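Chain and residue survey
Residue strings, one per chain:
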There are 2 protein chains.
Amino acid sequence: MSESPVEAFDPPYYVAVFTTVRTEEQGGYRETNARMEELVKDVPGYLGMDHAQTPGGLGITVGYFRDADALTEWRTNAEHRAAQKRGRAEWYESYTLHVAKVERSHGFTRAAD
Amino acid sequence: MSESPVEAFDPPYYVAVFTTVRTEEQGGYRETNARMEELVKDVPGYLGMDHAQTPGGLGITVGYFRDADALTEWRTNAEHRAAQKRGRAEWYESYTLHVAKVERSHGFTRAAD
């Protein structure tokens, strides 16, 4: 999470786009989410994460990873798997996950006035 | 834009992840954004779009396209190019764009109680 978007890296790299609609049952969500944000930083090849949340609407989290191995390590992390399971049981009304290999990217930053 | 996320299609398909920080100068933004949301629907191979906006923070828009040709058509659309140019001049403090080919996807929808 950051004030400005994660940078556009040199391709190839991977994005995991996780789009959610949450339930009204959010007990424990915030703590678990914060823990996952810390835990993912230990994954070799993890590059960063952006998140946006429309109040009462969609949330989109985009994780950036150097390669497919990094994503596999994150996907199969035991603590992450437990969080995923709890998410399906309690926190998410619906979600989609799209894992994709970046072919092209660019960034823009406004010049200082 | 939708109440629930765009579905997880059968790969391969493309995602364009557009992450923004907006300026305080938002005159015309809403109208142009609405027009772009309509215009993109005319692109053959356009599959859908998800959007989330943290108030005062990051916005993330994810467009889904069947193939690279669909993305090229959208990127080079004259009206879209004019909107991009205005965005850099007025509306965006910073942004990143990541164009990526989806290799794996899945969706989850809570069973009705």
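Attention in this report is confined to the structure presented alongside it. Remember, it's a predicted structure, so these values are computed and weren't measured experimentally.

Observations regarding the interface of chain A and chain B
- With 50 residues of chain A at the interface, the matching set in chain B holds 50 residues.
- Of the roughly 4000 Å² buried where chain A meets chain B, counting both sides, 56% is carbon and sulfur surface.
- Of all residues in chain A, A:Arg104, A:Phe108 and A:Arg110 bury the most surface against chain B, accounting for 18% of the area lost on that side.
- The partner of A:Arg110 in a salt bridge is B:Glu93, with the nearest N and O atoms 4.0 Å apart.

Some details on helix H1 (residues 29-39) of chain B
Residue and element names in this part refer to chain B.
- Every buried residue of H1 is listed here: Tyr-29, Thr-32, Met-36 and Leu-39. Along the long axis of H1, the arc covered by the buried residues comes to 95°, so they all point the same way. Those residues of H1 that are exposed and angled more than 90 degrees off the buried face are Arg-30 and Glu-31.
- Residues of H1 that are buried make contact with strand S1 (14-22), helix H2 (68-76), helix H3 (78-91) and strand S4 (92-109).

Some details on the relation of the copies chain A and chain B
- Least-squares fitting of chain A to chain B yields an RMSD of 0.0 Å, with the superposition described by an axial translation of 0.0 Å and a rotation of 180°. Here the copies are linked by what is in effect a two-fold axis.
- Of the interface residues in chain A, 100% have counterparts in chain B that sit at the interface too, so the contact is made through matching surfaces.

Points about the pattern of salt bridges
Residues and elements named next belong to chain B.
- Here the structure, examined in full by the defined rule, presents 7 salt bridges over all chains.
- One salt bridge in this structure joins Arg-35 and Glu-79, with 2.6 Å as the shortest N-O distance. Taken as a pair, Arg-35 in helix H1 and Glu-79 in helix H3 lie far apart in primary sequence, 44 residues in all.
- A relative accessible area of 35% places Glu-79 in the partly exposed class.

Regarding the sheet that holds strand S3 (residues 59-65) of chain B
- In space, the 8 strands of this open sheet follow the order S2(A)-S3(A)-S1(A)-S4(A)-S4(B)-S1(B)-S3(B)-S2(B), with antiparallel pairing throughout. Only two strands of the sheet have a single neighbouring strand rather than two, namely strand S2 (46-53) of chain A together with strand S2 (46-53) of chain B. Neighbouring strand axes in the sheet, compared pairwise and without regard to direction, differ in orientation by 25° on average.
- With 7 bridges joining them, S2(A) and strand S3 (residues 59-65) of chain A adopt antiparallel strand pairing. Opposite A:His51, over in S3(A), you have A:Thr61 as the bridge partner.

Quick notes on H3(B)
Residues and elements named next belong to chain B.
- Over its 14 residues, H3 extends 19 Å from the first C-alpha to the last, a length consistent with the 20 Å expected when each residue adds 1.5 Å.
- Here H3 has its buried residues at His-80, Ala-83, Gly-87 and Trp-91. An end-on view of H3 places all buried positions within 55° of arc, on one side of the element. Turned more than 90 degrees away from the buried face of H3 sit Ala-78, Lys-85 and Ala-89, all of them exposed.
- The N-terminus of H3 is capped by Asn-77, whose side-chain oxygen sits 2.9 Å from the backbone nitrogen of Glu-79.

Some points on the side chain of A:Thr32
Residues and elements named next belong to chain A.
- Inspection of the secondary structure assignment puts Thr-32 in helix H1 (residues 29-39).
- At 2.9 Å, the side chain of Thr-32 and the backbone oxygen of Gly-28 are in polar contact.
- Beyond its immediate sequence surroundings of up to four residues, Thr-32 is in contact with Ala-83, Arg-86 and Trp-91.

Describing the environment of A:Lys85
- Relative to the assigned elements, A:Lys85 resides in helix H3 (residues 78-91).
- Separated by 70 residues in the primary sequence, A:Lys85 and A:Val15 place their C-alpha atoms 22 Å from one another.

Considering the nonpolar core
- Ranked by internal contacts, the top residues of the largest apolar core, which has 22 residues, are A:Val15 and B:Val15.
- Counting only elements with at least two residues in this core, the list comes to strand S1 (14-22), S3 and strand S4 (92-109) of chain A together with S1, S3 and S4 of chain B.
- Excluding residues within four positions of it along the chain, B:Val15 makes contact with A:Ala100, B:Val62, B:Gly63, B:Tyr64, B:His98, B:Val99, B:Ala100 and B:Val102.

Calculation criteria
Residues numbered from 1 in each chain as written. Chains lettered and ligands numbered in written order. Predicted model: local features only at pLDDT ≥ 70, side-chain atom pairs only at ≥ 80, totals over all residues. Heavy atoms only, no water. Contact = heavy atoms within 4.5 Å. Buried area = accessible area lost by both parts, 1.4 Å probe. Salt bridge = Lys/Arg side-chain N within 4 Å of Asp/Glu carboxyl O. Buried < 20%, exposed > 50% of the residue type's maximum accessible area, 1.4 Å probe, protein only. Helix = DSSP H or I, 4+ residues; strand = E, 2+ residues; numbered from the N terminus. Arc of directions from axis to C-beta. Least-squares fit on C-alpha atoms with pLDDT ≥ 70 in both. Pairing = 2+ DSSP bridges. Axes fitted to C-alpha atoms, helices over the stretch in contact; angles between N-to-C directions. Expected span 1.5 Å × (residues − 1). Polar contact = N/O pair within 3.5 Å; in protein donor to acceptor, adjacent residues only side chain to side chain. Core = buried A, V, L, I, M, F, W, Y, C linked by side-chain atoms within 4.5 Å.

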